[in-house]
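# Tertiary structure, described
Here is what each chain is made of, one letter per residue.
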Amino acid sequence: MSASSGSVLYLSPYFWPEEIGSAPYCRELAEHLSDQGYAVSALAFRPHYPSSAPFGDWAGGARDREALGQIAIERVPVNPRGSGGFKTRIGNDLRFLRRAVWHALCGTHRKTGAIIAYIPSVLALYGAKALKLRSGAPVIAVVHDIESGLAGSLGIASNPVVLKVMRLVERIGLNFADEVVVLTEGMKRELEEIGCRKPITVLPIWSQAAEEAPVDPAAPVRVMYSGNFGKKQNLDQLLPLLSHVSDTMPEVEILMRGGGSERSRIEAEAARRGIANARFLELAPAGEFMASLQSANVHLVPQALNVANYALPSKLFSIMSAGRPYVCIAEPGSPLDALARESGAGICVFPDDEARLCQEVAGLLSDPARQQRMGDAGRAFVQQHMNRGTIFSKYEAILRRLTGASRGAAHCGD
């Protein structure tokens, strides 16, 4: 199949205009495929992550059918994230699945050439299977999160029977795909352990180094967290550090940007602890996002215990692209630990080592020259290993191989 004659159906629960998590990467690949001549259509939730507050224009359904350039988008209603927790998320995922199955029954996408399904949610793969039965199109599963692993590690679904059912649902769904793409070798091992028997390709998140913005030693010193305030991040780990910075380095600005189910609690706890130099803001708009990252001297990237092989925080790569260093919290040997060592752009502090966390952050904040060296190392790593064009070409190669094989098989059966 040539790019000019190909069509791709995107099952992407999280999509434009959301600006954090997997959504920007889903959008960028879709735009690239569209630019290459593929006819791309997307089924997505109404935007709501990490909260629905910034997306009022979509809430009532007036934009349930719209276009992003040449990409035709259909929206599925969604309940906001928050107090409903796991049950709300499952309800949303089932709603997405029902819409995909309805399209399969109606034959809406029966002429599509390929289906790309993003996980979360794994239930999207069941919708992809239904659509494949009608169209014959190969299915590519792109796994950004391993939901059973996250649910177990975070205590979201602590019942062993529930976790067993989740793994069974994942195993069946993953084996509906013709090929699976994951972000790290650790994620590949986890999927193989779950029972995925389909080919698994490791393709990292891509990035593009921003224009250089050298650290200004004369500017106010700032430490930043930017991203979702959720259980996956376990931002409680940062509170002792923020107290230490506030008490010992009162001239340092602490900026906490983002939204999510945990933000109000973390903000209240910071106030209770008397962390006077902390400000809580929404995420910077897309056009100002990189400048916002470059306004900080050091970035904080916490991760909850035992989730390292189930999800990779995409904010790391934006930070490296911005040319700024980071301090992360993760287990020894985890993908975050390996990336910090390999890139030279970050420092990984192991969980429950508050003294070292405070020491590393304070030392880095007081050393602009080291900040610059580590920031430069991050930009160089992105340029060498995470080139967007190279990774997009690999996705296209998967598409061409699968659609070519699909057509060949169809001809053999004529």
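Residues numbered from 1 in each chain as written. Predicted model: local features only at pLDDT ≥ 70, side-chain atom pairs only at ≥ 80, totals over all residues. Heavy atoms only, no water.

## Description of the overall build of the protein chain
Regarding its fold elements, the protein chain presents 15 helices and 14 strands. By the compact-globule yardstick of 22 Å for 414 residues, the protein chain fits well, its C-alpha radius of gyration being 22 Å. A principal-axis box enclosing the C-alpha atoms of the protein chain has dimensions of 75 × 45 × 40 Å. Of all 414 residues assigned to the protein chain, the portion counted as buried reaches 56%. For the protein chain, the proportion of contacts with a sequence separation of at least 24, taken over those separated by at least 6, is 73%. When the accessible surface of the protein chain is split by element, carbon and sulfur atoms take 52% of a total near 17300 Å². Between the centroid of the 44 positive side chains of the protein chain and the centroid of its 42 negative side chains there is a distance of 8 Å. (Helix = DSSP H or I, 4+ residues; strand = E, 2+ residues; numbered from the N terminus. Rg over C-alpha atoms; globule rule 2.2 N^0.38 Å. Buried < 20%, exposed > 50% of the residue type's maximum accessible area, 1.4 Å probe, protein only. Contact = heavy atoms within 4.5 Å. Areas by Shrake-Rupley, 256 points an atom, 1.4 Å probe, with all protein chains shown as cover. Lys, Arg positive; Asp, Glu negative; His and termini not counted. Charge placed at Lys NZ, Arg CZ, Asp CG, Glu CD.)

## Notes on the sheet that holds strand β14 (residues 346-349)
Spatially, six strands are ordered β11-β10-β9-β12-β13-β14 in an open sheet, and the strand pairing comes out parallel. For this open sheet the edge positions go to β11 (278-281) and β14, each flanked by a neighbour on one side alone. Adjacent strand axes in the sheet meet at a mean angle of 20° when their direction is disregarded. Sheet topology note: the strand β9 (residues 222-226)/strand β12 (residues 298-302) ladder contains two bridges and is parallel. Counterpart to Val-223 in the pairing with β12 is Val-298. (Pairing = 2+ DSSP bridges. Axes fitted to C-alpha atoms, helices over the stretch in contact; angles between N-to-C directions.)

## Examining the side chain of His-32
Within the secondary structure, His-32 is located in helix α1 (residues 23-35). On the accessibility criterion, His-32 (17% relative accessible area) is buried. Residues within four places of His-32 in sequence aside, it is in contact with Phe-392 and Glu-396.

## Focus on the environment of Gln-303
Summarising the element assignment, Gln-303 is placed in the loop between β12 and α11 (315-322). Among the residues examined, Gln-303 registers a relative accessible area of 4% and is labelled buried. For the pair Gln-303 and Met-320, spaced 17 residues apart in the sequence, the C-alpha separation amounts to 17 Å.

## Quick look at the nonpolar core
Counting residues in each nonpolar core, the largest one holds 83 residues, and the members touching the most others are Tyr-10, Val-180, Leu-191 and Tyr-326. Not counting the four nearest positions on each side in its chain, Leu-191 is found in contact with Val-143, Ile-146, Leu-174, Val-180, Val-182, Cys-196 and Ile-200. In terms of nonpolar packing, the next biggest core, distinct from the first, is built from 31 residues, Leu-235, Val-327, Val-349 and Leu-357 among them. (Core = buried A, V, L, I, M, F, W, Y, C linked by side-chain atoms within 4.5 Å.)

## Things to note about the state of the cysteines
Taken as a whole, this structure holds zero disulfides when the rule is applied. The closest cysteine sulfur to the non-disulfide-bonded Cys-26 is located on Cys-196, 19 Å from its own sulfur. A residue is classified by how much of its surface remains accessible, and Cys-26, at 0% relative accessible area, is buried. (Disulfide = S-S within 2.5 Å.)

## So, the pattern of salt bridges
Inspection of the entire model under this criterion finds 22 salt bridges. A salt bridge links Arg-27 to Glu-28; the nearest nitrogen and oxygen atoms lie 3.8 Å apart. Owing to a relative accessible area of 18%, Glu-28 belongs among the buried residues under this scheme. Here Glu-396 and Arg-400 are joined by a salt bridge, their closest N and O atoms 3.9 Å apart. (Salt bridge = Lys/Arg side-chain N within 4 Å of Asp/Glu carboxyl O.)

## Brief notes about the confidence of the model for the protein chain
Confidence in the prediction for the protein chain averages 90 pLDDT; 93% of positions are at 70 or higher. A low-confidence stretch, residues 1-5 stays under pLDDT 50, and its non-local contacts, those more than four residues away or across chains, total nine contacts. (pLDDT = per-residue confidence, 0-100.)

## Remarks on the environment of Thr-403
Note that Thr-403 resides in helix α15 (residues 388-412). As a C-alpha pair, Thr-403 and Gln-233 span 170 residues in sequence and 38 Å in three-dimensional space. Within polar-contact distance, the side chain of Thr-403 engages the backbone oxygen of Leu-399 at 2.7 Å. Here Arg-400 takes part through its backbone oxygen, which lies 3.3 Å from a polar atom of the side chain of Thr-403. (Polar contact = N/O pair within 3.5 Å; in protein donor to acceptor, adjacent residues only side chain to side chain.)

## Topic: helix α8 (residues 239-248)
For α8, the complete set of buried residues consists of Leu-239, Leu-241, Leu-242, Ser-243, Val-245 and Ser-246. Against the buried residues of α8 lie β10 (253-257), α9 (263-272), β12 and α13 (354-365).

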